[in-house]
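Residue-level structure breakdown
One letter stands for each residue in the lines below.
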Amino acid sequence: MKRFVFLSVIFLALMALPLGSAELLFSQPSTAYNFGDELRMTITLRPSEATTDFVTVDLVCGAERVTLYQSLTTMDAGESRDIVFTPRLDSPLFASLEGECSFEAEFGDDTAESQTFVVTDLIVTELVVPTTVVVPGTSLAITGSARKANGQALNGFARVVIDGTNFSLSGPVSSGAFSFNMSLPRTLSPGEHVLRVESYEVNGKGVRINEGSAASTIIVQVVLTRAEIEFRSIDATPGSPFSFTVNAYDQADTSIARNVRYDLFAPDSKEPLLTRLAKTGESVSFDVDSSSVPGYWRIEAHIEELSTKKLFYVNERELASFALENNNTLVVTNLGNVEYRENIEIAVGNYSSVREVILDVGASKRFKLRAPDAAYDVKVHDSNRSFLASG
């Protein structure tokens, strides 16, 4: 009786086992694929029993799934068959598939999953810049390499840009290498800039399908490009101060601080009458003597190797001074910068007279006064000023 029970258990256990083991086997995928690559894959079918059903192969990337192959297939038990499928990752069907992926297959009651791999648009890009300090307006030769994530050297394109500017330069990438001889813009602002290269591959429609980038920091030197003299007024009045400012600008036309030497020249003068040192951006003034020659004067500013000049006009000024000498002599002196030609009225006490006075610049003339014995006032005036003294 015990033997009968034992044999019955063995029989039931054997009945519970499948009649054969089926196989769905994938070939070994690459570790990474770029968009545009061919997904060449072989799946081996070896059913344990005669099967008629659809063979379905899906590409699965995260939550996204795309059916790559589906075909109604009939196979005998134990029969072996290889199915080769070669989809290319250049269809809009694959646009949302990226990251870690695998193939999943189903035939009858059997399923299988391949080893995982990566689908990406990455191009590993490296940039070589020979120097970090550059001068605007000069050339800079750069080189680099570009290799797709699948390990293949890129045959595509590269574009160089300087962040924050309109500068860009494009060229080919051949067998994974690129080189550019860049002419840096003359107006490239000083300071740090990011030099960036973008490598990319396009499909038959000219659409980017793979891309990558690399960057390097360059330091642009300050270059003094121009200097400018600014006047508050282009006219100068003898006897008053005259003010001006010298400004310096870099290649981006931004004001910069520099030391400046300025020279002051009178009309027709080859040697400066005045030489001073100052700072750019600071207001500078000097006194215009009342006898300064009228006409166009010149200021020249020198900053490093750069010089600039500007004219201003010293106006004519007719001016005389009056003084009483020894209580009986009137002294008239030309303090202006042109000939003094005036009629002056001289009043001594109750007596007055008019005299025509003609004086060259800096010249003086004396007039003896007829004065009473008692105290008296002396009044003198011309068309511009008056003078009063007691004698």
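Figured I'd write up the structure that's included with this text. (Residues numbered from 1 in each chain as written. Predicted model: local features only at pLDDT ≥ 70, side-chain atom pairs only at ≥ 80, totals over all residues. Heavy atoms only, no water.)

**Side note on the pairing of strand E26 (residues 306-314)**
Residues in a regular strand point their side chains to alternate faces of the sheet. Bridge analysis of strand E19 (residues 235-236) against E26 gives 2 bridges, and the strand direction is parallel. Pairing of Asp235 across the sheet is with Tyr313, part of E26. Hairpin connection, strand E25 (residues 295-303) to E26: the antiparallel pair is bridged by 2 residues, and Glu304 has positive phi, about 55°. (Pairing = 2+ DSSP bridges. Helix = DSSP H or I, 4+ residues; strand = E, 2+ residues; numbered from the N terminus.)

**As for the state of the cysteines**
Within the structure shown, the criterion is met by 1 disulfide. Residue Cys61 pairs covalently with Cys101 via a disulfide, S to S 1.9 Å. Disulfide Cys61-Cys101: torsion about the S-S bond near 110°, hence right-handed. Residue Cys61 is found in strand E4 (residues 51-61), and its partner Cys101 is found in strand E7 (residues 99-107); the two are separated by 40 residues along the sequence. A relative accessible area of 4% means that Cys61 is categorised as buried. The class of Cys101 is buried, set by a relative accessible area of 2%. (Disulfide = S-S within 2.5 Å. Buried < 20%, exposed > 50% of the residue type's maximum accessible area, 1.4 Å probe, protein only.)

**Remarks on the nonpolar core**
If you look at the biggest cluster of nonpolar residues, it comprises 27 residues, and the most contacted ones within it are Phe26, Leu45, Leu59, Phe85, Leu89 and Phe103. Elements that contribute at least two residues to this core include exactly strand E1 (23-26), strand E3 (41-46), E4, strand E5 (64-75), strand E6 (81-85), E7 and strand E9 (117-120). Apart from the residues within four sequence positions on either side, Leu59 is in contact with Leu39, Glu64, Arg65, Val66, Leu68, Leu89, Phe94, Leu97, Cys101, Ser102, Phe103 and Phe117. With 25 residues, the next largest nonpolar core counts Ala227, Phe244, Ala248 and Val284 among its residues. (Core = buried A, V, L, I, M, F, W, Y, C linked by side-chain atoms within 4.5 Å. Contact = heavy atoms within 4.5 Å.)

**Things to note about the pairing of strand E16 (residues 191-202)**
In this structure, strand E13 (residues 156-162) lies alongside E16, joined through 6 bridges in antiparallel fashion. Counterpart to Val160 in the pairing with E16 is Val197. In the sheet, E16 pairs with strand E17 (residues 208-220) via 12 bridges, with the strands oriented antiparallel. For Glu201, the partnering residue across the bridge sits in E17 and is Asn210. Once E16 ends, the chain turns through 5 residues before running back antiparallel as E17, passing Gly206 with a positive phi of about 80°.

**So, the pattern of salt bridges**
One pass over the full model with this rule turns up 17 salt bridges. A salt bridge links Glu228 to Arg226, with the nearest nitrogen and oxygen atoms 3.7 Å apart. A relative accessible area of 30% means that Arg226 is categorised as partly exposed. Two residues, Asp253 and Arg226, come together in a salt bridge whose shortest N-O distance is 2.7 Å. With Asp253 in the loop between strand E20 (241-250) and strand E21 (255-256) and Arg226 in strand E18 (residues 224-231), this residue pair connects regions lying 27 residues apart in the sequence. Its relative accessible area of 44% is what places Asp253 among the partly exposed residues. (Salt bridge = Lys/Arg side-chain N within 4 Å of Asp/Glu carboxyl O.)

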